[in-house]
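# Geometric and topological summary
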Amino acid sequence: DDVDINAIVKATENYNGADMGNLLDEVQEASIMRSATGGAKVITHSDFVSVLSRITSSVQKKDLQKLEEWRNENG
């Protein structure tokens, strides 16, 4: 219940589908590891914060620039 979806959306702005899949896998693993040490068996916002502090988007700036150019040319 404490997961701030808007904060996660903002933090993952340039993530592609594979990046998001990796993020969710890592968050699930973090939750499992926490529950193995007596923590709650739910995914929390702190799980997302922890994982987002160590993984980043695989999308390169040059690819984002190409996409923006394509959008400008093709609407």
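Look a little higher up for the structure.
Note that the structure is predicted; figures quoted are calculated from it, not measured.

A word on the side chain of T44. Along the polypeptide, T44 turns up in the loop between helix 2 (17-36) and helix 3 (45-52). Contact partners of T44, with chain neighbours within four places excluded, come to D2, V3 and R34.

One recurring pattern in soluble globular proteins is that nonpolar side chains are buried together. Counting 8 residues, the largest nonpolar core is built from I8, Y15, L23, V27, A30, F48, V51 and I55. Those elements that provide at least two residues to this core are helix 2 and helix 3. If you tally residues by element for this core, the top one is helix 2, at 3 residues. Not counting residues up to four positions away in its chain, the partners in contact with I8 are V3, H45 and F48.

Attention now moves to helix 3. Of all the residues in helix 3, the buried ones are H45, D47, F48 and V51. When helix 3 is viewed along its axis, its buried side chains cluster within an angular range of 160° and face the same direction. The secondary structure elements touched by the buried residues of helix 3 are helix 1 (5-11) and helix 2.

The terminal C-alpha atoms of helix 2, which comprises 20 residues, lie 29 Å apart, in line with the 28 Å expected from a rise of 1.5 Å per residue. For helix 2, the full list of buried residues reads D19, L23, V27, A30 and S31. Summarising the axial view, the buried residues of helix 2 lie within an arc of 110°, below the 170-degree limit, and thus occupy one face. Projecting away from the buried face of helix 2 at angles above 90 degrees are the exposed residues G17, A18, D25, M33 and A36. Elements in contact with the buried residues of helix 2: helix 3. By the N-cap criterion, in which a side-chain oxygen at the helix start approaches the backbone nitrogen of a residue two or three places on, helix 2 is capped by N16, the distance to A18 being 3.1 Å. Of the residues flanking the end of helix 2, it is G38, one or two places downstream, whose phi is positive at about 100°.

Basis of the calculations
Residues numbered from 1 in each chain as written. Predicted model: local features only at pLDDT ≥ 70, side-chain atom pairs only at ≥ 80, totals over all residues. Heavy atoms only, no water. Helix = DSSP H or I, 4+ residues; strand = E, 2+ residues; numbered from the N terminus. Contact = heavy atoms within 4.5 Å. Core = buried A, V, L, I, M, F, W, Y, C linked by side-chain atoms within 4.5 Å. Buried < 20%, exposed > 50% of the residue type's maximum accessible area, 1.4 Å probe, protein only. Arc of directions from axis to C-beta. Expected span 1.5 Å × (residues − 1). Polar contact = N/O pair within 3.5 Å; in protein donor to acceptor, adjacent residues only side chain to side chain.

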